[in-house]
Structure formats: structure tokens, C-alpha cells
Amino acid sequence: MTTQERTPQSTGEVELAISGMTCASCAARIERKLNKLDGVVATVNYATEKAKVSIPDGVDPQQLVEAVEAAGYSATLPKTEREGSADQPESGEADDPTRSLRQRLVVSAVLSVPVIAMAMVPALQFTYWQWISLVLAAPVLVWGALPFHKAAWTNLRHATATMDTLVSMGTIAAFLWSLYALLFGTAGVPGMTHPFELTIQRMSGDGSIYLEVAAGVTTFILAGRYFEARSKRRAGAALRALLELGAKDVAVLRDGREVRIPTAELAVDDRFVVRPGEKIATDGVVEEGNSAVDASMLTGESVPVEVGPGATVVGATVNAGGRLVVRATRVGSDTQLAQMAKLVEDAQTGKAEIQRLADRVSAVFVPIVIALAVGTLAFWLGSGGGAAAAFTAAVAVLIIACPCALGLATPTALLVGTGRGAQLGILIKGPEVLESTRRIDTVVLDKTGTVTTGQMELIDVHTTDDTDRDEVLRIAGALENASEHPIAQAIARGAQQRIGELPAVEGFTNVEGLGVQGIVDGHAVIAGRTALLEQWSQHLTPELAEAKAAAEQQGKTAIAVAWDGQARAVLVVADTIKPTSAEAITQLRALGLTPILLTGDNTAVARSVAAEVGITEVIAEVLPKDKADIITRLQNDGKAVAMIGDGVNDAAALAQADLGLAMGTGTDVAIEASDITLVRGDLRTAADAIRLSRHTLRTIKGNLFWAFAYNIAALPLAATGLLNPMIAGAAMAFSSVFVVTNSLRLRTFRTTAATS
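Each chain carries its own residue numbering, running from 1 in the direction its sequence is written. Restriction of local features to residues with pLDDT of at least 70 applies here, the model being predicted, together with a cutoff of 80 or more for giving and counting side-chain atom pairs; totals for whole chains, interfaces and linings are based on all residues. The side-chain values count all of the structure's non-hydrogen atoms but skip hydrogen atoms and water molecules.

Per an unreviewed UniProt entry, the protein chain carries the name Cu+-exporting ATPase and comes from Saccharopolyspora antimicrobica. UniProt positions are given in the numbering used here, feature names are shortened, and annotations may be inferred rather than shown by experiment. Recorded under Subcellular location (unreviewed entry), the UniProt text for the protein chain is reproduced unchanged: "Cell membrane". Listed in UniProt under the heading Sequence similarities (unreviewed entry), the comment for the protein chain reads: "Belongs to the cation transport ATPase (P-type) (TC 3.A.3) family. Type IB subfamily."

Take a look at the structure:
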């Protein structure tokens, strides 16, 4: 039974840190044990060594720990935020988890090399060489292979088997056979020699020793485990780097003085100072100062963003300019950085559907291999092949079949792929998202805030022949600057950008629903609808009227401006298209997707925007509540639909789509409903997210193919006696390292949005 088949009414989630797992079979066993608890749904990830558990009412989290311990492993509950901060200095000095493996590997390698050399090179087989081999190999088997033996004993007590069972059985069998041959057979006589061969020959068993198998297999598998552990740490480096981005301390303003405190002690509404070059401690709003903020480490965007009073800033970004005073609005686990890390960690802890197949295979694989090894032994003995040949073939079967690569194939690729995505501002919420990206053939895009900036801007100025353009901007900009209306503010911003400082306004009046009026530099100025101008008998010239009609036909907003009894200009304001949107549409088409623009705006506006970015299919004048119905209709037509949006009105459509992508500049509701969050507002990141997801899925499939093909091809060779056990151990270790290394290639993924 998979975890997807169980849907209890859970009230919360707990994440357990699991220790003692050595392969995918261990993870599968813990998962089965946890899922036996009433109402509990658990997913155990071997690569991250964590269990994500949904628990219903009445289940004490401590019961989860006890269930894991009953399976023969260790588990710890997550620490509270306060405990975590208290322990932070210690965790920074924590031992490298690969250190113990490295020590065992080095000692085992030093002892094993002469054992293997003497066994392989007859010229080195001096008198009593076999006894020297025994002395050197014994510590390797007893101390070097101790983790395998401990795990195998634990498995035996719980009537289960994992790959450690195979390794332990194979190496102990090789060592005990050699000990028997030395003490009771002819292998211990002075001057005994035997050649090293990769094929099995029929011969007497008591004259052969397999100490090089016991020592060599142990060393090779320890090497595989060490490189695997080191690679897993590298694979998780992106998430650790994300968690370490934040500032460690902060200068808080207390009674007008700056007091330095740890960031963990910061509270909402605290005011703190950020000097040039310092990291912003937490999410907040700028209250004093102007500066440029470098958010590249969080969003991948290389251009610093200008901020001033009232601007929102995000924790972990760097103040690249002047001194800022910021009021904290979100702290701790509520910050954008913490939420990003949580999304990434959830995705890495989950399982793709393709991984569940590998888990099911791993769970039944070990018992089948043990049965196959016993069958191989019986076949060789029954066919008169000799005890040595039978034993060697059986041990080779045990060693070659360890399903390490199978267990690592999916989680390591997920670990690296989602971590790389986080570095580039792409947050993939779960592994099942990967399968969705492969299927989609249609991408529906919201217009406002997704294809366009979502902010009104002054895009054109039409004047009469005798009126200076800059004079219009200066006078109209000054008047509109006194208004808080978004269109007025767009005109004021556009004027300031073009001519600089604006003059003061006297006698400002807001005429409800029509426009504004006031006195600027002694001129009586009116700006707004033509009806307002006509009340003062100030009519547009034919040229201005034509420009106004043309702008409105395209769905833009036209503002008429008059002063001193005469209409002077028409200012055109519109929601502008993001400069990268057209390039993004080209990239989406290159991925085999058909783009559709979906908007509540009128058809003229929608078609104008679509034509500019290269979209041919438009669905306009759609009510917010009907957007999800449009997605459903497309799905009923046989299309696999991705939806890209940013607003509250997009949330239902994002949830309904086969793949939902939310712009990180949008609302929390949209982000919550999506499958992938694009931290930046650059639409090209959507194409990058789909490319990264597909690349990760291809890597997973490649890993699984290698793992399955390796076992399928190697087992017959081992069973027919064509594979030396030591070579089998080396090949098995190499397969795991290959799978992890293949996954690490995802770290080289490049995003066009970050480099353009």
C-alpha cells in the first residue's frame, strides 16, 4: 500500500530526523511501520534521512519516535525555534557525519591493499602469505564492516533483510570459509599458492581462501558509502546555503539607541538599522532612508532594486547603498526566506510516483536475492561444480545485488534539482510536480502582473502644435502629483522621470469621477475626462480627440489636460508589458507549449498585449470566478494545462490546472494554490522552471534505468559464476556513486532569466 492510498483527516504534520538507515529498504521498512499507526500517513526519504508524517487527533508525536525505534532505527522530533537558536553554535561545530566512514575506509584500505595484492599476484605469495592475509583481513571484517554487521543483526531481530544483510552475509561467509580452509583444509600448508581468476573453475573448496573478497568487498562498499554520503551532503548544499543566508544579528532601535541583538530575538514592529553592505535581518517596511537592495542571493536578479520610505524589503537581501531604518513585519518562520526553505525541504522530503515503484521493488528485492543466492549455491553443488565454485557464485550474487543505486536514483536527483531551483528563484513544491511538467502542452497566462507589470505608467504624450511637451509634463505632472489616484500617480512618476522636480500646486480640488483641478505657476489647470474640460468650455482639438480615441480603442486610458482656457494635451496611461515577456513566450513555444492569454480586461486590450508578445489565442472579458471553468474546459478538450498567474482571482485556476505557476511578486493566496513559485516577476523564469523540472525528471529516469539495468545484467553473470565477488563489490559501489554523480550534474543548470 502506498501513502497516496490513505487519506485520513490529519490535523498536522511532523518531520522526524531518522538515523541508522543504510539503504532504500530501511526507508521502506520505517515507512511501513509508521503507516501501521492508526490514521498516520508517512513518507520516509532515504536521501534526506527524514520522515514527513501527517498525524490525526489523538496521536502523540512521541509514538512516532517509538515506532521508528521499534523498527530498529533512531528518530528525533523537531526542535522548537527557541531550542534551535539556542543550539545553533553547537550545530555549527557538529562533527562531519562522513568522518567515521572516512576513518573506517582509510584503515580498511590500508589493510586490504596488501591482502588483495597477494591474492591477485602469485609472485607475491611467499611462504605463509595466507596467514599474513588472515591477520590483515580480520580487522577489516570485524571493525571495518561493523556497521553492516550491526544493521544485519538489527534486521535479523526484526525478521527483515536489507542490503546490509547481503553485505554482512557475503563477507562473513567468505571469511569463515577461508578460516575453515586455513585451519582444517589444505590452504594453511606452507608454500600454498593459487592464481587469481575472474571465472569459476571446478576445484576442491578446502584449498582456496577468499580473504581478499571479505576485505576487498568491505573496502569497496565503505568507499561507495563514503562517496555517497559526501555527495548527498553536496546535493543538500543549496538548501543549507538558503537557510544560512539570513543575518545572524541586528541593530535594533531602543529608546533612540542602537542595541545589537541576535536575529532570533527580533519581534514584529521592531525598528532596526541596516547599514551599507549589511544584510537585512528580516522582512519589513522601510521607514527612513533611500538605498539600493541587492536581492540576487534570494531571487537570482542581478540588478539592485531602489527602495525608499514605504517600500517592502525581504530578509537576507543586502543593503547596497545608504543607511536604512526598517520596521519588521514578519519574523522567524513567517519570513519569505523561511517559507522558501520550507517549500524546498517539503519537495525534497516527498516522493514522486516513479520513486514509489523503486521503493516497492527495493522492499521485496533483498529476500529474492537471498533466495537466489541459496538457489545458486544448491545448483552448483548439485551439478558437481565443487564447493568452492558454488560458494563463490553465491557470494557474488549476494554482493552484486545490493540495491543501493535503486534507492538513491530518485531522491538524490530531487535533492539537487529542487536545491538548484531554489538558488535560481524557482520553488518546486513537490516531486509529483515533475510528472506534471512532462505532460503539459498548453500554458494559460494571466495578463495583469504576469505578462504586464500590473502598474500603470505614462506611455505617451500628445500635444497641440503650439504647446511644449516638457511644459505639459511639468504642469500636468505637478497637478496629478497632489492626487492619490493610481492613474494620477502614474502621470506624476512619468513626469518626474522625464523632467525632474515638479512645482507646487495651489487650490487643488478633486472633482469626483471626472478629474482634478488646481493652480500651477499661475496657470488654472484642469486634467481628467473630456466632460470636465467641457464644463469649462475647453474642447479638444480634432488632433487631440483623434489621439484620445485611438488610445481608448486599444484599451488604454487617456487623460485630457487644459489650462488658461485651452485644451493643451492628451496623456496616455496604460499597464505596460514586461520587457522580457515576449522572449518568455518564445521560450515557452520552444518547449512545445501553446500559450493562451486569459484576462478579465476587454478584448481590445487583451489582443493588443497578445500581439505585442506573440500570443495568437486570447480569452478576454472573463470574470474571476470563471477562470477555473476555462481551465476545466481546456482540460475536457484533452489538453494538459499549465496556468501562470499572480492574483487572488487566479488562485482557483492555479489549483485546477495540471500545473500551477505563481509569480512570487503576487499574492500569498496565489502562491499557496500553485505547484511552482517563481520568486521573481520575470516570466522567463516560468520557462526555466519547466525546463529544470523536465531535466530533473529525465535525470531520475536515467538513474533508475542504470540501477535496474545494472542489477538485471549483473545477477545472471554472478549466478553463472562469471563474476568474482570482489569485482562485484567494486561494481556495486561504483553504481551508487555513478547515480549520485549523475544527479549532481543538475547543479550546472543555467537559467536564461538570471543571465540575460
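### What about the overall build of the protein chain?
Secondary structure elements are defined from DSSP: runs of H or I of at least 4 residues count as helices, runs of E of at least 2 residues count as strands, and each element is numbered from the N terminus. For the protein chain, the helix and strand inventory stands at 29 helices and 26 strands. Contacts spanning at least 24 positions in sequence make up 70% of the contacts within the protein chain whose residues lie at least 6 apart. By element, 56% of the accessible surface of the protein chain is carried by carbon and sulfur atoms, the whole surface being about 32,100 Å². Contacts are assigned to residue pairs that have any heavy atoms within 4.5 Å of one another. Each accessible area is a Shrake-Rupley estimate made with a 1.4 Å probe; only the visible protein chains count as cover when residues are assessed.

### Notes on the packing of aromatic side chains
Pairing of aromatic side chains requires ring centres within 6.5 Å, counting the rings of Phe and Tyr and the six-membered ring of Trp. Pairs whose planes differ by under 30 degrees are stacked, by over 60 edge-to-face, and all others tilted. Taken as a whole and assessed by the stated rule, the structure comprises three aromatic pairs. Centre to centre, the rings of Trp 706 and Phe 738 are 4.6 Å apart; their planes meet at 40°, and the pair counts as tilted. Of this pair, Trp 706 sits in helix α27 (residues 684-719) while Phe 738 sits in helix α28 (residues 725-744), placing them 32 residues apart in sequence. Here Phe 738 falls in the partly exposed class, since its relative accessible area comes to 32%. One cation-aromatic arrangement involves Arg 104 over Trp 143; the distance from NZ or CZ to the ring centre is 4.9 Å. Partly exposed residues are those whose accessible area sits between 20% and 50% of the maximum for their type, while under 20% is buried and over 50% is exposed, using a 1.4 Å probe and protein chains only. Criterion for a charge above a ring: Lys NZ or Arg CZ within 6 Å of the ring centre, and within 35 degrees of the ring normal.

### What about the side chain of Thr 576?
For Thr 576, the location among the structural elements is in strand β21 (residues 566-577). Assessed through its relative accessible area of 16%, Thr 576 is described here as buried. For the purposes of these results, a polar contact is taken to be a pair of N or O atoms within 3.5 Å, where, inside protein, one atom must be able to donate a hydrogen and its partner to accept one; residues adjacent in sequence count only when each atom of the pair is a side-chain atom. Among the polar contacts listed, one links the side chain of Thr 576 to the side chain of Glu 457, at a separation of 3.4 Å. If sequence neighbours within four positions are ignored, Thr 576 has contacts with Thr 452, Thr 453, Gln 455, Glu 457 and Ile 459.

### A look at a nonpolar patch on the surface
Taken together, the side chains of Met 120, Val 121 and Leu 124 define a hydrophobic patch exposed on the protein surface, amounting to about 220 Å² of accessible area. Inspection of the secondary structure assignment puts Leu 124 in the loop between α5 (99-120) and α6 (129-144). The residues that make up patches have over 30% relative accessible area and no salt bridge, and they are joined within 9 Å when like-charged or within 5 Å when they are Val, Leu, Ile, Met, Phe, Trp or Tyr. A pairing counts as a salt bridge when a side-chain nitrogen of Lys or Arg comes within 4 Å of a carboxyl oxygen of Asp or Glu.

### Let's talk about the sheet that holds β21
A pair of strands is labelled paired if DSSP reports no fewer than 2 bridges between them. In space, the six strands of this open sheet follow the order β16-β21-β20-β19-β18-β17, with antiparallel pairing throughout. Looking at strand neighbours, the two that pair on one side only are β16 (452-463) and β17 (506-511), the edges of this open sheet. Each neighbouring strand pair of the sheet contributes to a mean axis angle of 20°, computed without reference to strand direction. Pairing geometry for β17 and strand β18 (residues 515-520), over four bridges, is antiparallel. The partner of Val 511 across the bridge, within β18, is Gly 515. Lines are fitted to the C-alpha atoms to define the axes, a helix being fitted only along its stretch in contact, and any angle between axes, read from their N-to-C directions, falls within 0 to 180 degrees. Contacts from helix α21 (residues 542-553) reach β16, β20 (557-563) and β21, with the element oriented near 15° to β21.

### Considerations on helix α22 (residues 581-590)
Among all positions of α22, only Ser 581, Ala 584, Ile 585, Gln 587 and Leu 588 are buried. Around the axis of α22, the buried residues are gathered within 160° of arc, so they sit on the same side. Exposed positions of α22 whose direction lies more than 90 degrees from the buried face are Thr 586 and Ala 590. Of the residues flanking the end of α22, it is Gly 592, one or two places downstream, whose phi is positive at about 85°. Arc, as used here, means the arc of the directions from the helix axis to the C-beta atoms.

### Things to note about the sheet that holds strand β5 (residues 249-254)
Read across the open sheet, the six strands follow the order β6-β5-β7-β13-β8-β11; overall the sheet is antiparallel. Both outer strands of the open sheet, β6 (257-262) and β11 (312-313), are each paired with one neighbouring strand and no more. The pairing of β5 with strand β7 (residues 271-274) spans two bridges and is antiparallel. Bridging across to β7, Ala 251 finds its partner in Val 273.

### Examining the nonpolar core
What makes a nonpolar core is a set of buried Ala, Val, Leu, Ile, Met, Phe, Trp, Tyr and Cys residues whose side-chain atoms join them at distances within 4.5 Å. Grouped together as the largest cluster of nonpolar side chains are 37 residues, with contacts concentrated most on Leu 445, Leu 661 and Ile 676. Listing elements by their share of this core, those giving two or more residues are β14 (426-428), β15 (442-446), α22, α23 (603-613), β24 (641-645), β25 (659-663), β26 (676-678) and α27. Leu 134, Phe 175, Ala 223 and Val 395 belong to the second-largest nonpolar core, a separate cluster that totals 35 residues.

### Things to note about the packing of α5 against α6
Look at α5 against α6: their axes get within 9 Å of each other, and the N-to-C directions meet at 155°. Accordingly, the angle class assigned to the pair α5 and α6 is roughly antiparallel. Between α5 and α6 lies a crossing of left-handed hand. Packed against α5, whose contacting residues are Gln 103, Arg 104, Val 107, Ser 108, Leu 111, Ser 112, Pro 114, Val 115, Met 118 and Ala 119, the element α6 presents Trp 129, Ile 132, Ser 133, Leu 136, Ala 137, Pro 139, Val 140, Trp 143 and Gly 144 at the interface. The residue makeup of the contact of α5 with α6, split by class, is 13 nonpolar, five polar and one charged. Should an angle fall under 35 degrees it is taken as roughly parallel, and over 145 as roughly antiparallel, whereas 65 to 115 is taken as roughly perpendicular and any remaining angle as oblique. Less than a right angle of anticlockwise turn of the near helix away from the far helix marks a crossing as left-handed, whereas a clockwise turn marks it as right-handed. Any residue outside Ala, Val, Leu, Ile, Met, Phe, Trp, Tyr, Cys, Pro, Asp, Glu, Lys and Arg is labelled polar, Gly included; the first ten of those are nonpolar and the last four are charged.

### Thoughts on the confidence of the model for the protein chain
In predicted models, pLDDT denotes the confidence assigned by the predictor to each residue on a 0 to 100 scale. Looking at the protein chain, the pLDDT average stands at 79 and 80% of residues meet or exceed 70. Under a pLDDT of 50 for its full length, residues 80-95 has, in the predicted model, eight contacts with residues more than four places off or in other chains. Note on residues 198-205: pLDDT is under 50 here. Beyond four places in sequence and across chains, it has 22 contacts.

### Here's the deal with the pattern of salt bridges
Following the criterion strictly, the structure yields 17 salt bridges and no others. Between Arg 254 and Asp 270 there is a salt bridge whose closest N-O contact spans 3.7 Å. Note that Arg 254 is positioned in strand β5 and Asp 270 in the loop between β6 and β7, a separation of 16 residues in sequence. A relative accessible area of 35% places Arg 254 in the partly exposed class. Across the salt bridge formed by Arg 474 and Asp 521, the nearest N and O atoms sit 2.4 Å from each other. Pair noted here: Arg 474 is in helix α18 (residues 469-481) and Asp 521 is in the loop between β18 and β19 (523-528), with a separation of 47 residues, a long-range link. Three or more residues joined by partner-sharing salt bridges are found here, namely Asp 269, Arg 271, Glu 287, Glu 288 and Arg 327.

### Topic: the UniProt feature "transmembrane region" (unreviewed entry) in the protein chain
The positions UniProt marks with the feature "transmembrane region" (unreviewed entry) are residues 105-122, 128-146, 166-189, 209-227, 361-381, 387-410, 703-720 and 726-744. Secondary structure content for residues 128-146 is 89% helix and 0% strand, and the end C-alpha separation is 27 Å. Span residues 166-189 is 79% helix and 0% strand, its end C-alpha atoms 31 Å apart.

### Regarding helix α24 (residues 627-636)
Note: α-helices contain 3.6 residues per turn, so residues at a spacing of three or four share the same orientation. All of the buried residues in α24 are Lys 627, Ala 628, Ile 630, Ile 631, Leu 634 and Gln 635. Taken around the axis of α24, the buried residues stretch over an arc of 160°, which confines them to a single face. Downstream of α24 by one or two residues, Gly 638 has phi in the positive range, about 90°.

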